[in-house]
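Here's the letter readout for the chains.
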Amino acid sequence: MPPIEDVSFPFRIVCRVDTTLDAILAERLRWVVAPNETVHGPGEFVLYWMHNAVRGHENPALDVAICLARQNGLPLLVYHGLCESYPFASDRHHAFILQGARDVQRELAGRGIRYVFHLQRHGGRGPHLRDLTRRAAVLITEEMPVPPLTLWVERLQSVTSTPIGCVDASCLLPVTHLPSGPSRAFRFREQTKGEYSARARRPYVEQPVDVASYEGPIPFEPLDLQPVSLAELIRQCRIDHSVAPVADTPGGTRAGYARWEAFKADGLDRYAARRNDASDHGGVSRMSAYLHYGMVSPFRIAREADAAGCEKYLDELLVWRELSFHFCHHAGENLDTLDAVPSWARETLREHAADEREFDYSWETLARGRSGDPLWDACQRSLVRQGELHNNVRMTWGKAFLGWADSPGRALHLSIDLNHRYALDGRDPNSYGGVLWCFGLFDRPFDPPQPITGRVRGRPLSHHRRRIDMTRFRGVVDRPIAADLPSVAVVGAGIGGLTAARTLTDHGLQVTVFEKSRGAGGRMATRHTSDGLDFDHGAQYFTGRDPRFVKHVQSWVHDGIVAPWLGRIVELGQGGRVIAEKTGTPRYVGTPSMNAIARHLASDLDTRYETEVAPLTKADDSKWVVRDRAGVELGRFDVVILNAPAPQTAALLTDVGHDLAASFERVGLRPCWAVMLQPTNRVETDYDAAFVNDGPLSWIARNDRKPGRVATETGCWVLHASAEWSQQHLESSPEEVAGALIDAFELATGVEVGAGSRGIAHRWRFADPIEPLDQDCVWDAAIGLGVCGDWCGGPRVEGAFQSGTAVAGAVLRHLTIDRAPASRRSQPRLFQV
């Protein structure tokens, strides 16, 4: 790349480089917006936006930024931000990135470079990268040819006039080196063999830090990551709290090099012989997550692997890994679709798209590792619990999707989702390459064509099971996610409690659920009458607004547990007149009854029904003692999660004197009287349900018109009284309540229910929170107490689900971040660079 000089630009950029700098830096710089292609003010500083080279050493992007700051007499500012909206944002990815950011913050401070970190969270959101870019003379960032990074760079290009340059800090051979994307590994190997031989041995020469740091104002308060609790920071973020951090793979340069040094000492010399055995936990380096986020230098790893003479490791690191980077750079925006695979693969998959599949699994079934195949389910547990999957079994894992989804496109979507959601190296170009290989990328056609896969190479699970030690592999997969896993009791089998219990169970914790009723669900209740009628007398429907919840709803629809309720819902005014149509928000109901969702969530949990728990006590060993109302001890637990209305939660804590009990008592909850009505006359309305604004009623619905219900000749209706009326008649008899609400129903509908109609009244004493707590859950790590429910983060089914996820996430963060494993505590405090 020739020097850049004499450009018509308000400030001067002259890349005068020596030979070493030209080889290492100039060829790595790609201008997205070149200085001579835009009109921009002089700028206050050179801005380096760090995201996938989270290290302060052997970092070409940082060195380019230093070079440009020096040549233009400007100060340097390094910005690193972590938003809530990147795909698959979760506690796992956030923790890894924050741990890496903590290391690089300390490393850059040691080099005299100002590094400002911004975490998007409650009370701390804003377009800070855009604003800083507009103020910068030039923006330098890393080349990362996958979404969302490519889209974010395009967005910056459209909303600023600042020159933008991308620097390849991930590959020894920059992705711009080849004119087109490679299609096969052997061709790429032949093209690059001479290049890699020289580059692997080349020492990296860093730029001296002889520039000033920008010390002026910035539009946010930079976060000092050294003294803060990362678990608490993550709690404040609107991300998926159901995916736990990985304790034995902490993020950061120190942890990355500690793992590499251990592998060099015991593993690298035998890599070629051991690398394909997924049950051999030490057979591979497990460095992919650190390389993905650039927390370790690929240049150092290559130099040291070359010095050790490990050609097979170098082939994987340089040829197979960088093959994917080069491919993604040239593939454009098609990485998440079958357009990314060769035409022969698309054609054969399309030809066999209608072939009969044995299963059509939902996202949730697969995400939880419930396919029924022992090898595949173990692979998925490895992703869920350990955040990684050995590459040899990842290929077999990925091939299975074609036979378990109703179309090749959905199979690819599922495999990308589960890989990127759980794997710490998810969203990496190498990760894309591995998933897309399962659909024909970097491969050749295999004849004769087979059902479902066509000419795409097969890799049956049954064959792989015969060549792997499954007992040993399960030992690797199911190793505890942290030392001293606690026993957990969940009191209350409502949606929040069940969600918390299942999230913890999926991560390998032992959880027992106690529920005083005969079934699960709380207000997601269904009453079955003696003559075969069903009434959803609690929650009438639910909505899904947050993508974290909607993902599960869509899966429940796929499995027939939930169905959209498309009935006509209106608003009634005085005299039962329709005054509005209530449309726009999709509504869902459980099928064949509302409690189907709770039954589904509880299906593989250890749940003790008809067990009312007495106020909790603490034993001498600090464990929670759980007893029933008769005083019979039910067990001792390290952690208790309470999922009950606020007053009942406070009552359970009376004997331990918890400080929060009083605040729980102050959370107001509205009552609701419900009547289940079976008319003797036919009650016909031109709507299926209505919000009622006049009289004692607030809601009426014809229950047998919901999806999956059995229709009756006269209809069966559920009537809900308003909160005010319910409060006024809180102690009225069920017979009085039924009579009053049936009268109000006749007035609202203009139809007489008929003599002999039956109405059964049920009182929900704690139906809706008046003013929920301003947090999704409560967690006291000191005593192992969690509290969740729809009165915490917000009402409705969605609020309860999110609250259960939040409290489970708090427990998991406590285990995996706050209490670091011994392997991390023993890491050296100095950087090994």
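For the structure itself, consult the block above.
Note that the structure is predicted; figures quoted are calculated from it, not measured.

A.B. asks: Would you take a moment to explain the side chain of Asn703 for this structure?
C.D. replies: Inspection of the secondary structure puts Asn703 in the loop between β22 (697–702) and β23 (717–721). Overall, the relative accessible area of 0% leaves Asn703 in the buried class. A polar contact is formed between the side chain of Asn703 and the backbone oxygen of Asp534, at a distance of 3.1 Å. When near neighbours in sequence (up to four residues on either side) are disregarded, Asn703 contacts Asp534, Phe535, Asp536, Arg709, Cys716, Trp717 and Val718.

A.B. asks: Before we go on, may I ask you to explain the pattern of salt bridges in this structure?
C.D. replies: Oppositely charged side chains can form a pair if their charged atoms are brought close together. In total, this model carries 64 salt bridges according to the counting rule given. Among the ionic pairs, Glu261 bridges to Arg300, the shortest N-O distance being 2.6 Å. Here Arg300 lies in helix α11 (residues 298–307) and Glu261 lies in helix α8 (residues 253–265), a separation of 39 residues in the sequence. The residue Arg270 makes a salt bridge to Asp266 at a minimum N-O spacing of 2.5 Å. Classification of Arg270 by relative accessible area gives partly exposed; the value is 39%. If you follow the salt bridges from partner to partner, you end up with Arg682, Glu684, Asp688, Arg702, Asp704 and Arg705 in one network.

A.B. asks: Can you help me understand helix α21 (residues 495–506) in this one?
C.D. replies: Think of an α-helix as 3.6 residues a turn; residues three or four steps apart then line up on the same face. Between its terminal C-alpha atoms α21 stretches 16 Å, which fits the 16 Å expected from 12 residues at 1.5 Å a residue. Counting buried positions along α21 gives 11 out of 12 residues, so the element sits mostly inside the fold. By the burial criterion, the buried members of α21 are Ile495, Gly496, Gly497, Leu498, Thr499, Ala500, Ala501, Arg502, Thr503, Leu504 and Asp506. Of the residues trailing α21, Gly508 is marked for its positive phi of about 95 degrees.

A.B. asks: Can you help me understand helix α17 (residues 408–422) in this one?
C.D. replies: If you check α17, its first and last C-alpha atoms are 22 Å apart, about what 15 residues at 1.5 Å a residue would give, namely 21 Å. A large share of α17 lies buried, amounting to 13 of its 15 residues.

A.B. asks: Can you walk me through the pairing of strand β8 (residues 510–514) in this structure?
C.D. replies: Where a strand is regular, its side chains alternate between the two sheet faces. Most of β8 sits inside the fold, with 4 of its 5 residues counted as buried. Relative to β8, strand β7 (residues 487–491) runs parallel, the two being bridged by 5 bridges. Counted as the bridge partner of Ser487 is Gln510 from β8. Viewed along the sheet, the connection from β7 through α21 into β8 turns out right-handed. Sheet topology note: the β8/strand β15 (residues 606–608) ladder contains 3 bridges and is parallel. Note on β15: the bridge partner recorded for Phe514 is Arg608.

A.B. asks: Teacher, can you tell me more about the environment of Ser213 here?
C.D. replies: By the element assignment, Ser213 lies in the loop between α6 (185–199) and α7 (230–235). Each C-alpha atom of the pair Ser213 and Pro75 lies 4.9 Å from the other, and the pair is 138 residues apart in sequence. Among all residues touching Ser213, those that are not within four sequence positions of it are Pro75, Leu76, Gly112, Ile113 and Arg114. In this structure the side chain of Ser213 is engaged in a polar contact, spanning 3.1 Å, whose partner is the backbone oxygen of Gly112.

A.B. asks: So what exactly am I meant to see when it comes to the side chain of Thr607 here?
C.D. replies: Residue position: Thr607 is located in strand β15. With sequence-adjacent residues up to four places away left out, Thr607 is seen in contact with Val513 and Ala602.

A.B. asks: Is there a simple way to explain the sheet that holds strand β18 (residues 633–637) in this structure?
C.D. replies: Sheet strands associate in pairs through backbone hydrogen bonding, adopting either a parallel or an antiparallel arrangement. Taken together, 3 strands build an open sheet; the order of strands is β16-β17-β18 and the sheet is antiparallel. Both edges of this open sheet fall to β16 (617–618) and β18, since each of them pairs with a single strand only. Two strands pair when backbone bridges link them, and β16 and strand β17 (residues 624–627) are joined in this way by 2 bridges, in the antiparallel orientation. Bridging from a neighbouring strand, Thr617 pairs with Val625 of β17.

A.B. asks: Would you explain the packing of aromatic side chains in this entry?
C.D. replies: Between two aromatic rings, the relevant description is the distance of the centres plus the angle of the planes. Using the criterion set out here, one finds 30 aromatic pairs in the structure. Ring geometry for Phe359 and Tyr361: centres 4.9 Å apart, planes at 15 degrees, overall stacked. Since its relative accessible area comes to 11%, Tyr361 is described here as buried. Each residue in the set Phe359, Tyr361, Trp376, Trp397, Phe401 and Trp404 is aromatic and connected to the rest through ring pairs, giving one cluster.

A.B. asks: Explain the sheet that holds β15 here, please?
C.D. replies: The 6 strands lie next to each other as β15-β8-β7-β19-β26-β25, forming an open sheet whose pairing is mixed. Whereas interior strands pair on both sides, the edge strands pair on one side only; in this sheet they are β15 and β25 (778–780). When strand polarity is set aside, the average angle formed by the axes of neighbouring strands in this sheet is 15 degrees. Relative to strand β26 (residues 785–787), strand β19 (residues 639–642) is paired through 3 bridges, and the arrangement is parallel. Within β26, the position partnered with Ile641 by the bridge is Gly786. Against the sheet, α21 makes contact with β7, β8 and β19, and its axis sits at roughly 165 degrees relative to β8, the strand it touches most.

A.B. asks: It is not clear to me how the nonpolar core should be interpreted in this structure. Could you clarify?
C.D. replies: When a protein is soluble and globular, its nonpolar side chains tend to lie buried together. One finds Tyr313 and Phe473 to be the most contacted residues of the largest nonpolar core, which totals 161 residues. Looking at this core element by element, the count peaks at 10 residues for helix α12 (residues 311–331). Excluding residues that lie within four positions of it along the chain, Tyr313 makes contacts with Trp260, Phe263, Leu268, Tyr271, Ser285, Met287, Ile301 and Ala305. Counting residues in hydrophobic clusters, the runner-up holds 50 residues, among them Ala500, Val513, Val797 and Ala800.

A.B. asks: Sorry if this is basic, but what is going on with the packing of α12 against helix α18 (residues 429–437) here?
C.D. replies: Interhelical geometry of α12 versus α18 gives an angle of 95 degrees and a closest axis separation of 8 Å. Here α12 lies roughly perpendicular to α18, going by the angle between them. Every residue of α18 that contacts α12 at Trp320, Arg321, Ser324, Phe325, Phe327 and Cys328 is listed here: Pro429, Asn430, Tyr432, Gly433 and Leu436. In terms of residue class, the contact of α12 with α18 is made up of 7 nonpolar, 3 polar and 1 charged.

Conventions used here
Residues numbered from 1 in each chain as written. Predicted model: local features only at pLDDT ≥ 70, side-chain atom pairs only at ≥ 80, totals over all residues. Heavy atoms only, no water. Helix = DSSP H or I, 4+ residues; strand = E, 2+ residues; numbered from the N terminus. Buried < 20%, exposed > 50% of the residue type's maximum accessible area, 1.4 Å probe, protein only. Polar contact = N/O pair within 3.5 Å; in protein donor to acceptor, adjacent residues only side chain to side chain. Contact = heavy atoms within 4.5 Å. Salt bridge = Lys/Arg side-chain N within 4 Å of Asp/Glu carboxyl O. Expected span 1.5 Å × (residues − 1). Pairing = 2+ DSSP bridges. Right-handed = clockwise from strand over helix to strand, strands pointing away. Phe/Tyr/Trp six-rings, centres within 6.5 Å; stacked < 30°, edge-to-face > 60°. Axes fitted to C-alpha atoms, helices over the stretch in contact; angles between N-to-C directions. Core = buried A, V, L, I, M, F, W, Y, C linked by side-chain atoms within 4.5 Å. Parallel < 35°, antiparallel > 145°, perpendicular 65-115°, else oblique. Nonpolar A, V, L, I, M, F, W, Y, C, P; charged D, E, K, R; others polar.

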